[in-house]
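Structural overview
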Amino acid sequence: MNVPFLIAKRYFISKKKRNIINIISIISMVGVAVGTAALIIVLSVFNGLEDLIRSIYGSFDPDLKITSVEGKGFELNDKLLERVRKTPGVLIVTEVIEDNALLRYEDRQMVIKMKGVSPNFFAQNKIDSAVIEGNYQLQRAGNNYALIGRGVQYQLSIRATNAIVPMFLLYPKAKATLSLDPENTFREKPIMVGGVFVIERQYDDNYIFVPLEFARDLLDYGSKRTSLEIRVESRRQINEVKQRLQQVLGPKFDIKNSDEQHISLLRAVKVEKLFVFITFAFILLIASLNIFFSLSMLVIDKKKDIAILASMGATPQIIRNIFLAEGAIVAFVGAFIGLAVGLLVCWIQQTFGLVPMNMATALVEAYPVKMQIQDFLFTGIAIFIITLLVSIRPARTAAATDVRDNI
């Protein structure tokens, strides 16, 4: 029989004497519950935002991306390409030439990110489903077409349905001489608009897709490529295929999965989540200070009980454990209520999306939420540590109570 817990439970649920100590205990419990619920909700929102980022970039990013460790690009030959294609787990290999270029349409112009891709590019991602005007195919009936972002279309007032006026892409010549004549400084190639896509503002405002051959001729890259984009047979094999490719290609090439391609952004979200957890843990600590005061007052109020227990043979350790258990009951009841409320609120938001983002440019209507078991686990550990910190001093004071002065 756990005597300290039974006595602490009796102190907690006793209805004979409702005084200031009981009120402070209830306030402590409510404070812990509110802080716990808020922590779970905020952490779940951060998880949802992290998943949203992955889903947004997942329609654009390859499973694996191969780039050169040194320089902007690398020479690609048939032997190297074949080694990559024959690596177990590799399903599709797309050649990519990507660089900045000047886009001109009628009397308007802007610097854009031009991405030249081989024909199998759209077989390994979901960009075709993001096309809102025109067609995603970059080559039709022997003609080249560009797929442009909605932001690029708006900034240059490009008419996607205009089959007469082309766009012009300009790129500096490698050995251009200083001249006022653009023809001596830039290579220029015309291309028609084939379609318009909407993915995410970063891409919509900057990117256009063109056929690989078009980009190669404009940039004069020859057999040079800026990257190879890989689709693997199964997403569960991504890390395994990455290791195999690294062994095949050696240290001169850098291979990144989708998360590593946006490591800075995802790290920023994780750092923000960590600081939010620390901040709310301090808020929980402040809310739990009421437990310290209620236990300290309870020790004063129960000095006679402590003396009687000690005279009956209760050791200082048993008396200390009574008040530690009392603090734990107050904190854990509040934490349990808080976890339940947080779970309920997150489930309601996941199911019904009651809290909207209220942003015209938002990709989702309601705040994304994702609950993770480790958030509940770490919150419980934090509450346990905080409860121990605020309860140990009053418990030691109770254990040191003089029996002769209180009988």
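Here the structure is shown first, and the text comes after it.
Residues numbered from 1 in each chain as written. Predicted model: local features only at pLDDT ≥ 70, side-chain atom pairs only at ≥ 80, totals over all residues. Heavy atoms only, no water.

Quick notes on a nonpolar patch on the surface
Residues Phe-332, Leu-377, Phe-378, Ile-381, Phe-384, Ile-385, Leu-388 and Leu-389 make up a contiguous nonpolar surface patch of roughly 780 Å² in combined accessible area. Here the nonpolar patch gets seven residues from one element, more than from any other, and that element is helix 13 (residues 373-399). Looking at the secondary structure, you find Phe-384 in helix 13. You can call Phe-384 partly exposed: its relative accessible area is 48%. (Patch = residues over 30% accessible without salt bridge, like charges linked within 9 Å, V, L, I, M, F, W, Y side chains within 5 Å. Areas by Shrake-Rupley, 256 points an atom, 1.4 Å probe, with all protein chains shown as cover. Salt bridge = Lys/Arg side-chain N within 4 Å of Asp/Glu carboxyl O. Helix = DSSP H or I, 4+ residues; strand = E, 2+ residues; numbered from the N terminus. Buried < 20%, exposed > 50% of the residue type's maximum accessible area, 1.4 Å probe, protein only.)

So, the packing of helix 10 (residues 263-301) against helix 12 (residues 316-352)
Two elements in contact, helix 10 and helix 12, have axes whose closest approach is 10 Å; the angle formed by their N-to-C orientations is 140 degrees. Of the possible angle classes, the one that applies to helix 10 and helix 12 is oblique. Along this stretch, helix 10 crosses helix 12, giving a crossing that reads as right-handed. Where helix 10 abuts helix 12, its residues Ile-291, Leu-295, Leu-298 and Val-299 lie against Phe-323, Glu-326, Gly-327, Val-330 and Ala-331. When grouped by side-chain class, the residues that make up the contact of helix 10 with helix 12 number seven nonpolar, one polar and one charged. (Axes fitted to C-alpha atoms, helices over the stretch in contact; angles between N-to-C directions. Parallel < 35°, antiparallel > 145°, perpendicular 65-115°, else oblique. Left-handed = near helix turned anticlockwise from the far one by under 90°. Contact = heavy atoms within 4.5 Å. Nonpolar A, V, L, I, M, F, W, Y, C, P; charged D, E, K, R; others polar.)

Description of the packing of aromatic side chains
Under the criterion given, the structure shown has nine aromatic pairs. A centroid spacing of 5.5 Å and a plane angle of 70 degrees characterise the contact between Phe-292 and Phe-293, whose relative ring orientation is edge-to-face. The partly exposed category is assigned to Phe-293, whose relative accessible area is 45%. Joined through ring pairs, the aromatic side chains of Phe-121, Phe-122, Tyr-136, Phe-197, Tyr-203, Tyr-207 and Phe-209 make up one cluster. A cation sits over an aromatic face here: Arg-104 above Phe-168, 5.4 Å from the ring centre. Lying over the aromatic face of Tyr-145, Arg-140 brings its terminal NZ or CZ to 4.0 Å of the ring centre. (Phe/Tyr/Trp six-rings, centres within 6.5 Å; stacked < 30°, edge-to-face > 60°. Lys NZ or Arg CZ within 6 Å of the ring centre and 35° of its normal.)

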